[in-house]
Amino acid sequence: MERIKKRQIKQIDYGILLPVFLLSVIGMMSLYVALDKDAGVKSMVSQMLQQGLWYVLGGVAIFVVMQFKPKTLWKLTPFGYVLGLGVMTALLFFYDVTLATRTGSKNWFRFGSLTFQPAELMKIAYILILAYIVTSHNLKNKNRTLKTDGMLILKLFLVTIPVGVLLQLQNDFGTMLVFIAILGGVFIMSGISWRIIVPVTISFVVLGALVLYLVTTDMGRELLSKIGVESYQFARIDSWLDPFHDATGNSYQQAQALKAIGTGGIAGKGFNVSDVYVPVRESDMIFSVIAENFGFIGSTFVIILYFILIYRMIRVCFDTNNEFLSYIATGVIMMILFHVFENIGANIGLLPLTGIPLPFISQGGSALMGNMIGVGLVMSMRYQYQPESNFEYELSY
């Protein structure tokens, strides 16, 4: 027993834990700066304690998820997916009206002073079901053909469509992009023939170019308006294309973020020095706080931490032999990578604002718990790894 405990301690991947811990510390520091400037003392203390509690719960979630054996995850996955769809469906009837009026999205439950976004945990359920489908399909189809690849694509879309419909009904386009990124990562890594992947990739590039054309022309916008695109979404596109075209109106948040980042310079202004007000900087625009306080050096350090985290997650996939968990890791990596790319890209003006939080740093318990559970799933690959165990055989039934 003692030998097993020692082996499991050695199998804890501290190379993943350390970046997550440092990002969490940076998150608390940045949140303190944002709240110290924008909130009263009582509100700041309350929100800091609440976020600190979420970090503690996130750490517990990592430890608990690490204990799940691959076989247990395999059995629970279909139930988790159905449960996730049920909760997201309930959200259509019991959403927070106040937040829906302010943001335009019906994606939050409210329990007293606490809010909860089911889509953040649905990302994990979605990652699990994609890994489940791809693994079971590959086990049953050892000889891959275009026909079997087509069947796999159909299965992936069948579990994606309900999620996409619910997100569309909730008017949550930003979160839908995360699910698309997750699907894209698993799709590419699933072993599907390049004769399918290449045309699909080209189709998405053409579609992206078409969407860009539509949102930048009057005729295109008129067409998009008829199919349900909201005016605030067009405003975000305009702010992205020209952040200073309406710097006191719709582009105010984007323009202020760019000012804050620019005035940070190379080394920053110093901790808790903030001369530029940025709306919602405690969550979506938290990177502007980091850049203003710690400059280019501090911002680069944060990005390096994310690269280390992603690198360590990829290493786990190569060091363990479990197809099911490897696809889970692919989904988690794509989820975190897209969040980082979109959030920082939006803060520095490379991408439109979509309300995507910065993993482990932005304020918010739902997103933090989703990311922590994802980390726990990846860490379980090494923690539960047993060279003598044939995982593929265990998963086959």
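- Under an unreviewed UniProt entry, the protein chain has the name Rod shape-determining protein RodA and belongs to Vagococcus fluvialis.
- Checking UniProt for the protein chain, the heading Subcellular location (unreviewed entry) contains the comment "Membrane".

**A word on the overall build of the protein chain**
Alright, step 1. Within the protein chain, the regular secondary structure consists of 16 helices and two strands.
Alright, step 2. The C-alpha radius of gyration computed for the protein chain amounts to 22 Å, which stays within 12% of the reference 21 Å derived for 397 residues, consistent with globular compactness.
Alright, step 3. Each principal axis of the C-alpha atoms in the protein chain carries an extent, and together these give about 60 × 55 × 40 Å.
Alright, step 4. Among the 397 residues that make up the protein chain, the fraction classed as buried is 49%.
Alright, step 5. Entry remark: accessible area of the protein chain is about 19,400 Å², with carbon and sulfur atoms responsible for 69%.
Alright, step 6. The distance from the centre of the 29 positive side-chain charges to the centre of the 24 negative ones in the protein chain is 11 Å.

**Things to note about the pattern of salt bridges**
Alright, step 1. Counted under the stated rule, the structure contains seven salt bridges.
Alright, step 2. Two residues, Lys-269 and Asp-275, come together in a salt bridge whose shortest N-O distance is 3.5 Å.
Alright, step 3. For Asp-275, a relative accessible area of 61% translates into the label exposed.
Alright, step 4. Members of the salt-bridge network, linked through shared partners, are Asp-13, Arg-312, Arg-315, Asp-319 and Arg-382.

**As for helix α9 (residues 194-215)**
At 3.6 residues per turn, the α-helix brings residues three or four places apart onto the same side.
Alright, step 1. The end-to-end C-alpha separation of α9 is 31 Å, in line with the 32 Å expected for 22 residues at 1.5 Å each.
Alright, step 2. Sitting at the head of α9, Ser-193 places a side-chain oxygen 3.1 Å from the backbone nitrogen of Arg-195.

**Quick word on a nonpolar patch on the surface**
Alright, step 1. Taken together, the side chains of Ile-180, Phe-204, Leu-207, Leu-210, Val-211, Tyr-213 and Met-219 define a hydrophobic patch exposed on the protein surface, amounting to about 710 Å² of accessible area.
Alright, step 2. In this structure Ile-180 comes out as partly exposed when scored by relative accessible area, which is 44%.

**As for helix α6 (residues 118-140)**
Alright, step 1. Its 23 residues place the ends of α6 33 Å apart at the C-alpha level, agreeing with the 33 Å of an ideal helix rising 1.5 Å per residue.
Alright, step 2. Here α6 lies mainly inside the structure; 20 of its 23 residues are buried.

Rules used in this analysis
Residues numbered from 1 in each chain as written. Predicted model: local features only at pLDDT ≥ 70, side-chain atom pairs only at ≥ 80, totals over all residues. Heavy atoms only, no water. UniProt positions renumbered as here; feature names shortened; annotations may be inferred. Helix = DSSP H or I, 4+ residues; strand = E, 2+ residues; numbered from the N terminus. Rg over C-alpha atoms; globule rule 2.2 N^0.38 Å. Buried < 20%, exposed > 50% of the residue type's maximum accessible area, 1.4 Å probe, protein only. Areas by Shrake-Rupley, 256 points an atom, 1.4 Å probe, with all protein chains shown as cover. Lys, Arg positive; Asp, Glu negative; His and termini not counted. Charge placed at Lys NZ, Arg CZ, Asp CG, Glu CD. Salt bridge = Lys/Arg side-chain N within 4 Å of Asp/Glu carboxyl O. Expected span 1.5 Å × (residues − 1). Polar contact = N/O pair within 3.5 Å; in protein donor to acceptor, adjacent residues only side chain to side chain. Patch = residues over 30% accessible without salt bridge, like charges linked within 9 Å, V, L, I, M, F, W, Y side chains within 5 Å.

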